[in-house]
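# Summary of structural features
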Amino acid sequence: QAEQSVVVGHILGGVQADDILHLPDMAYLARLRARPCGSRVAILTISGAIGALLSDAFVRAGVAVPTLSPQVGRQLHEGIPRYGMVCNPVDLTGTIVTRPSCGAHALRAILASGEADFVVVYAPGFLLDRMAPGVSEVARASSQLIAMVSTGEVKERGTLEAAGVPIFDDTTRAVRALASLAAWQGHQCAIGSGVKAPSAAHAVAATAMLQAWRQQDRRCLGDDEADDYLASLGVPVAGQAQTRQAGVGLLVR
């Protein structure tokens, strides 16, 4: 399975979905793949405890949670009380309730610093609604990824997503999907650095298969077709058993 993951990630430029929940989460993030989502995350929360839990989860998933510099900390304290932790994870404290603009201020300071590749904001839905105007403005002005994890309904979901901010309602799924996106982008950098890509003949064959499936209005492929598609790209496939064991699934987009 590890070898198949390398093939899918490094050669085909894809990312392996682990299960039926992981797959739609990755599809959800696919439209944001142009936004840098590297291996360093900054976490903004209203609770030090959930910040610690998210930090541990990201580190286990292979994403670093770097300590922010004192300079960034001073900028954050312009909106966050002195007792609020600003080293990463960042505790916005209860101030976010009466001053939701401090969330946008914190995002600007972190994204401008270059000390984190993307930011995750964790808060109840009603607070994300209050933060939505400022966060949307920051997101539209930045090429970097801002993601949110909500506890409860987010009425401004449409506004935030239109600005390029994905919203999750489950921390485990959020961490796994965002870590996978970061890994996918790392694979793209590796491809750009010289990892062998499919040959021109393989690319032509694969493109022809995709065009035929699109003409048939196909949206997903069976095991045999997935095997044929991988084989057309020059990926050795022993048969359906190997494909299923490796967890390979293909969607036609």
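Please refer to the structure placed before this passage.
Below is a summary of the structure that appears in this document. (Residues numbered from 1 in each chain as written. Predicted model: local features only at pLDDT ≥ 70, side-chain atom pairs only at ≥ 80, totals over all residues. Heavy atoms only, no water.)

A separate point is the side chain of Ser 136. Summarising the element assignment, Ser 136 is placed in helix H7 (residues 125–141). Since its relative accessible area comes to 2%, Ser 136 is described here as buried. (Helix = DSSP H or I, 4+ residues; strand = E, 2+ residues; numbered from the N terminus. Buried < 20%, exposed > 50% of the residue type's maximum accessible area, 1.4 Å probe, protein only.)

Right, let's talk about the sheet that holds strand S1 (residues 41–45) for a bit. Strand-to-strand pairing in sheets goes through backbone hydrogen bonds, with the strands running parallel or antiparallel. Across the sheet, which stays open at both edges, the five strands sit in the order S2-S1-S3-S4-S5 with parallel pairing between neighbours. Two strands in the sheet have a free side with no partner beyond their single neighbour: strand S2 (90–91) and strand S5 (167–168). For S1 and strand S3 (residues 118–124), the ladder comprises four bridges, and the chain directions are parallel. Its bridge partner being in S3, Leu 44 is matched across the sheet by Val 121. On the sheet, helix H6 (residues 101–113) packs against S1, S2, S3 and strand S4 (145–151) and is oriented at approximately 165 degrees with respect to S1. (Pairing = 2+ DSSP bridges. Contact = heavy atoms within 4.5 Å. Axes fitted to C-alpha atoms, helices over the stretch in contact; angles between N-to-C directions.)

Turning to H7, a few remarks are in order. Helix length check: H7, at 17 residues, gives a terminal C-alpha distance of 23 Å against a target of 24 Å (1.5 Å per residue), a fit within 8%. Taken together, the buried positions of H7 are Gly 125, Leu 127, Leu 128, Asp 129, Met 131, Ala 132, Gly 134, Val 135, Ser 136, Val 138 and Ala 139. (Expected span 1.5 Å × (residues − 1).)

Further remarks concern the packing of H6 against H7. For the pair H6 and H7, the least separation of the axes is 8 Å and the interaxial angle reads 20 degrees. With respect to H7, the element H6 is oriented roughly parallel. Crossing geometry of H6 relative to H7 is assigned as right-handed. When H6 is examined against H7, the residues Gly 103, Ala 104, Leu 107, Arg 108 and Leu 111 are found in contact with a partner set consisting of Met 131, Gly 134, Val 135, Glu 137 and Val 138. Class assignment for the residues of the contact of H6 with H7 results in six nonpolar, two polar and two charged. (Parallel < 35°, antiparallel > 145°, perpendicular 65-115°, else oblique. Left-handed = near helix turned anticlockwise from the far one by under 90°. Nonpolar A, V, L, I, M, F, W, Y, C, P; charged D, E, K, R; others polar.)

Attention now moves to unusual backbone geometry. The bulk of non-glycine residues show a negative phi, and the bulk of peptide bonds are trans. Along the chain, Asn 88 connects to Pro 89 via a cis peptide bond; the corresponding omega equals 5 degrees. Turning to its location among the elements, Pro 89 is positioned in the loop between helix H4 (70–76) and S2. The backbone phi angle of Asn 88 is positive, close to 100 degrees, even though this residue is not glycine. As for its position among the elements, Asn 88 is in the loop between H4 and S2. Backbone geometry at Thr 93 places phi at a positive 60 degrees, although glycine is not the residue there. Residue position: Thr 93 is located in the loop between S2 and helix H5 (95–98).

Using the criterion set out here, one finds five salt bridges in the structure. Between Asp 117 and Arg 40 there is a salt bridge, and its shortest N-O distance comes to 3.0 Å. In this pair, Asp 117 sits in the loop between H6 and S3 while Arg 40 sits in the loop between helix H2 (22–30) and S1, placing the two residues 77 residues apart along the sequence. (Salt bridge = Lys/Arg side-chain N within 4 Å of Asp/Glu carboxyl O.)

Now for the environment of Gln 71. Here Gln 71 shows up in helix H4. Spatially, the C-alpha atoms of Gln 71 and Ala 109 are 9.7 Å apart, while their sequence positions differ by 38 residues.

Taken across its five residues, S1 has five buried, putting it largely inside the fold. The alternating pattern of S1 places Val 41, Ile 43 and Thr 45 on one face and Ala 42 and Leu 44 on the opposite face, and all of these are buried. Pairing of S1 with S2, which is carried by two bridges, proceeds in the parallel orientation. By the bridge assignment, Leu 44 is partnered in S2 with Val 90.

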